[in-house]
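# Remarks on the overall topology
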Amino acid sequence: MSVGIILSAPMGPIGILVIQRTMEKGRKSGLYTGIGAAASDLFYCLLAGLGLAFVTDFIDQNKELFQIGGSLILIVFALFMILRSPVKGIKHEDGKKVNFTQDAITGFVFTLSNPLIIFLIFPLFARFTFPSADYKFYHIILGYIFIVLGALLWWFGITYIVDKLRSKFNVNSMWWINKIMGGIIMTLAIYGLVTGILSYFHVI
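Fair warning: this is a prediction, and the values are worked out from it, not measured in the lab.

### Notes on the overall build of the chain
Along the backbone of the chain there are nine helices and zero strands. Listing the helices and strands of the chain from first to last along the sequence gives α-α-α-α-α-α-α-α-α. By residue count, 40% of the 204 residues in the chain fall in the buried class. Of the contacts made within the chain by residues no fewer than 6 positions apart, 87% connect residues no fewer than 24 positions apart. When the accessible surface of the chain is totalled, it reaches about 11400 Å², and 70% of it is carbon and sulfur.

Given below as structure tokens:
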């Protein structure tokens, strides 16, 4: 459970996206985005647990390209956040529903676009001695279930807190929140893009 919480806790682009969607569309939208992120974390945990050396070697050998590609995706999304009016995302009284499936998919893809997280998973698995050779099959299954539960617990708590504060913001506040959070994602993405390019050409 601690592994799931630790993987989700850093307030990176996916955390900002969950907060932004909770503020703009409601708690369910943010929570479904977090569920997508948790599913992606589980995917990488399974890769790490199965010891797929060729996958980790491939990621390690091409980490700069992954970083560049992931950063470009984040830049496009940041521009979308900055330029888009938050009014379009607010649920009106006409009964139009938010697309939670789309929220979950984008949460999954965003987290999946950062495969370097697998190198955080390895030391966490080592710290908590999971999976262990002494474990039976059902022990390992339970371990992965609790990793997902830990991640979901984190997103449940974050969306709960943000949703409670949501009523204190008006449309103009939402507009500024979109701009600020989009700017933060853009800054992180540009930094990742520049360092990825410099590293790829062995400048750093």
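### Some thoughts on helix 2 (residues 13-25)
With 13 residues, helix 2 extends 17 Å between its outermost C-alpha atoms, agreeing within 8% with the 18 Å of an ideal straight helix rising 1.5 Å per residue. Of all 13 residues that make up helix 2, 12 are buried, and the element is covered over most of its length. Residues of helix 2 that are buried include every one of Pro-13, Ile-14, Gly-15, Ile-16, Leu-17, Val-18, Ile-19, Gln-20, Arg-21, Thr-22, Met-23 and Glu-24, and no others. Positive phi shows up at Gly-26, right after helix 2, with a value of about 115°.

The rules behind each value
Residues numbered from 1 in each chain as written. Predicted model: local features only at pLDDT ≥ 70, side-chain atom pairs only at ≥ 80, totals over all residues. Heavy atoms only, no water. Helix = DSSP H or I, 4+ residues; strand = E, 2+ residues; numbered from the N terminus. Buried < 20%, exposed > 50% of the residue type's maximum accessible area, 1.4 Å probe, protein only. Contact = heavy atoms within 4.5 Å. Areas by Shrake-Rupley, 256 points an atom, 1.4 Å probe, with all protein chains shown as cover. Expected span 1.5 Å × (residues − 1).

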